[in-house]
Amino acid sequence: MGALKPWHIIVLVVVLVLLFGAKRLPDAARSLGRSLRIIKAETKGLVDDDNNVAEKAEPQHSRTPLQGEVQQPYQPQGYQQAPPPAGYQQPPAQPYVDPVQRTNDR
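What you see is a predicted model; the values in this text were computed from it and never measured.

Student: Help me out: how do you make sense of the overall build of the chain in this one?
Tutor: From N to C terminus, the chain includes three helices and zero strands. N-terminal to C-terminal, the α/β element order of the chain is α-α-α. Relative to its full complement of 106 residues, the chain shows a buried share of 0%. As displayed, the chain has an accessible area near 11,600 Å², and 59% of this comes from carbon and sulfur atoms.

Structure representation (C-alpha cells):
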C-alpha cells in the first residue's frame, strides 16, 4: 500500500516535465543539490560549535586559593580643594527635583 512502484515514479517524472519543462529541470535539480549541501554544512557547523562550547565550558585548569596575605587596595590621601579667588561668589544651589515627581505633577 505505501510502497512506490516503478509506474508511480514514471508518472511523477512525466508530471514534472509537463509542469516545469525539460530545460528547467536540470537547473532546479542543481539548485536543490546546492541548497542541500549548504544545509548539511551549516548543520555540521552547528554541531561542531556545540561541541566546542561544551569543551570550553569545562574548566581546563584547576585554580588554587592564594597563599599569604591579601594586600589592601590603594586609598588616596585626602583631596584638598584650592580656595576660590577673591570676589568670587558661588551660584545659589538649586533645589533637587525628582524627575519622576516632576513628570507626575504635570
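That covers the picture; the talk isn't over yet.
Student: Even after reading the chapter, I still don't get the pattern of salt bridges, so can you show me in this structure?
Tutor: Opposite charge on two side chains permits them to pair, given that their charged atoms come into close proximity. What the rule picks out here adds up to one salt bridge. As a salt-bridge pair, D27 and R30 come within 2.9 Å of each other at their nearest N and O atoms. With D27 and R30 both in helix α2 (residues 24-57) and three residues apart, this pair spans about one turn of that helix. A relative accessible area of 45% places D27 in the partly exposed class.

Student: Sorry if this is basic, but what is going on with the confidence of the model for the chain here?
Tutor: As a general rule, the predicted coordinates of low-pLDDT regions are not to be interpreted in detail. Model confidence for the chain is summarised by a mean pLDDT of 78, while 77% of its residues fall at 70 or above. Taking the mean pLDDT of every element in the chain, the minimum, 76, falls on helix α3 (residues 99-105) and the maximum, 87, on helix α1 (residues 6-20).

Conventions we followed
Residues numbered from 1 in each chain as written. Predicted model: local features only at pLDDT ≥ 70, side-chain atom pairs only at ≥ 80, totals over all residues. Heavy atoms only, no water. Helix = DSSP H or I, 4+ residues; strand = E, 2+ residues; numbered from the N terminus. Buried < 20%, exposed > 50% of the residue type's maximum accessible area, 1.4 Å probe, protein only. Areas by Shrake-Rupley, 256 points an atom, 1.4 Å probe, with all protein chains shown as cover. Salt bridge = Lys/Arg side-chain N within 4 Å of Asp/Glu carboxyl O. pLDDT = per-residue confidence, 0-100.

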